[in-house]
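Breakdown of the fold
Chain by chain, the residues:
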Amino acid sequence: MLKQVTENKEPILIGNELIDAHCHLDMFPDPEIIKKDSKFGGLSTIITAGGSRASSLAAIRIADGEMVFAVIGIDPQSAATDEDFIDDITGFVKANKKIIGIGEIGLDYKVGPEKALQKRVFERQIELAKSLDMPIVVHSRGAIADVIEIVKRHAVSKAMFHFFEGDETVAKELAGLGYLISIPPTESSRRKRVINALNISNISVETDSPVVGKSPLDVIRTVEWISELKGLPFNETSARITENVKKLFSL
Ligand SMILES: [Zn+2]
């Protein structure tokens, strides 16, 4: 057993530091296998996100504080049922260094409950993140104008816009506020324009697996795509994106 653990600390890296800035390891049947595969495939860091009480607790459990880190919070879909978890977040953060941010939180006007409730839960967690000096991981679906109004009003300084769905104008506005725009493993002409419009220092990559990507290793193709669009070598692209994410989350 010990030998195996030691061996696992010697991953077969492909010479790059790759990061999956947003996925849900708790939704895989066996998160440990995914962690191992990701490590051997060249990933150095994975951020696994909660969104409800149960998934936040699972994210804390799965995070190891070395390769896998957790963000915890209540997403719009859980806003009506799990709001009271917000009162517990500070305690969990103080007790676990492997929790590095508050998320995913935000607004979802496609599947979430009534807007006033969503906004209250989002704003409470923004203030909590600020009091903890932590970044937020933002979920926005069909709600970007309200999300921008809220993050501006609360003077949020540290945020990553997970699975960014807006256009290049919105992307540039958010980048101007110092936020990271996270690119998922779904290529589209709109997303291409977003990548082209952004400086690489405002880009992160994520798989949102298993919801969207099959596994955290899907970031490899996204980094390839960005490196093609930016005309940068793969290694440099991956290193700079990883640096962006590590800086935001103080890793
Ligand atoms: Zn997600």
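Every chain is numbered on its own, with residues counted from 1 as its sequence reads. With pLDDT at 70 or above as the cut-off, local features in this predicted model cover only qualifying residues; side-chain atom pairs require 80 or more to be listed or tallied, and sums for whole chains, interfaces and linings still use all residues.

Let us now look at the overall build of the chain. Across its full length, the chain holds 11 helices and eight strands. Only the C-alpha atoms count toward the radius of gyration. The rule for a globule is 2.2 Å times the residue count to the power 0.38. For the chain, whose C-alpha radius of gyration is 17 Å, the value lies close to the compact-globule estimate of 18 Å for 251 residues. Counting across all 251 residues of the chain, residues that qualify as buried make up 47%. Considering only intrachain contacts with a sequence separation of at least 6, the fraction spanning at least 24 residues in the chain is 65%. In this description a helix means any DSSP run of H or I spanning at least four residues, a strand means any run of E spanning at least two, and both kinds are numbered starting from the N terminus. Around each residue's C-beta, the other C-beta atoms within 10 Å are counted; 20 or more make the residue buried, 12 or fewer make it exposed, and counts in between make it partly exposed. All C-beta atoms are placed from the backbone. Note on contacts: each residue gets a C-beta atom placed from the backbone, and two residues are in contact if those atoms are within 7 Å.

The next subject is the sheet that holds strand S3 (residues 68-72). The sheet built from eight strands is open, its strands ordered S1-S2-S3-S4-S5-S6-S7-S8 with parallel pairing. Two strands lie at the open edges of the sheet, namely strand S1 (18-23) and strand S8 (203-205), each paired on one side alone. Pairs of neighbouring strands in the sheet enclose a mean axial angle of 25 degrees, with direction left out of account. In this structure, strand S2 (residues 43-49) lies alongside S3, joined through four bridges in parallel fashion. Paired with threonine 48 across the strands is alanine 70, a residue of S3. The criterion for strand pairing is that DSSP finds at least two bridges linking the strands in question. To obtain each axis, a line is fitted to C-alpha atoms, and for helices this fit is confined to the stretch in contact; angles are then taken between N-to-C directions over 0 to 180 degrees.

Following both chains from N to C, one finds helix H10 (residues 219-230) and helix H11 (residues 234-248) inclined at 110 degrees, their axes separated by 9 Å at the closest point. With respect to each other, H10 and H11 are oriented roughly perpendicular. For the crossing formed where H10 meets H11, the hand is right-handed. In this structure, H10 uses Val223, Glu224, Ile226, Ser227 and Lys230 to contact H11, whose residues at the interface are Phe234, Thr237, Ser238 and Ile241. Under this scheme an angle from 65 to 115 degrees is roughly perpendicular, one under 35 degrees roughly parallel, and one over 145 degrees roughly antiparallel; angles in between are oblique. Handedness of a helix crossing follows the sense of rotation of the near helix relative to the far helix, less than a right angle counterclockwise being left-handed and clockwise being right-handed.

For the rest of this paragraph, the subject is the environment of aspartate 37. Turning to its location among the elements, aspartate 37 is positioned in helix H2 (residues 31-40). Sequence-distant contacts of aspartate 37, defined by excluding residues within four places in its chain, comprise Ser215 and Leu217.

Bringing the pairing of S1 into the picture now. In summary, the side chains of a regular strand alternate between the two faces of the sheet. For S1, the tally of buried residues reaches six of six residues, placing the bulk of the element in the interior. Note: S1 against S2, four bridges, orientation parallel. If you follow leucine 18 over to S2, its bridge partner there is leucine 43. Handedness of the crossover is the feature at issue here: the chain leaves S1, passes through H2, returns alongside S2, and the resulting connection is right-handed. With the strands aimed away from the viewer, a crossover counts as right-handed if its path from the first strand over the helix to the second runs clockwise.

Okay, unusual backbone geometry next. Here the residue pair glycine 103 and glutamate 104 is connected by a cis peptide bond, since its omega of -5 degrees sits within 30 degrees of zero. The residue glutamate 104 is located in strand S4 (residues 99-108) in this model. For the peptide bond that leads from serine 209 to proline 210, omega is 0 degrees, which places it in the cis range. Checked against the element boundaries, proline 210 lands in the loop between S8 and H10. Of note, the phi angle at phenylalanine 163 is positive, near 45 degrees, even though the residue is not glycine. Here phenylalanine 163 lies in the loop between strand S6 (159-161) and helix H8 (168-176). Since 21 C-beta atoms lie within 10 Å of it, phenylalanine 163 is described here as buried.

Throughout this description, the term nonpolar core refers to a group of buried Ala, Val, Leu, Ile, Met, Phe, Trp, Tyr and Cys residues whose C-beta atoms join them within 7 Å. Among the nonpolar cores identified, the biggest contains 68 residues, and Met160, Phe161 and Ile181 are the most heavily contacted of them. Non-local contacts of isoleucine 181, meaning those with residues more than four positions away in its chain, are made with Phe161, Phe164, Ala171, Leu174, Ala175, Val194, Leu198, Asn202 and Ile203.

Any functional reading would require information beyond the geometric quantities listed.
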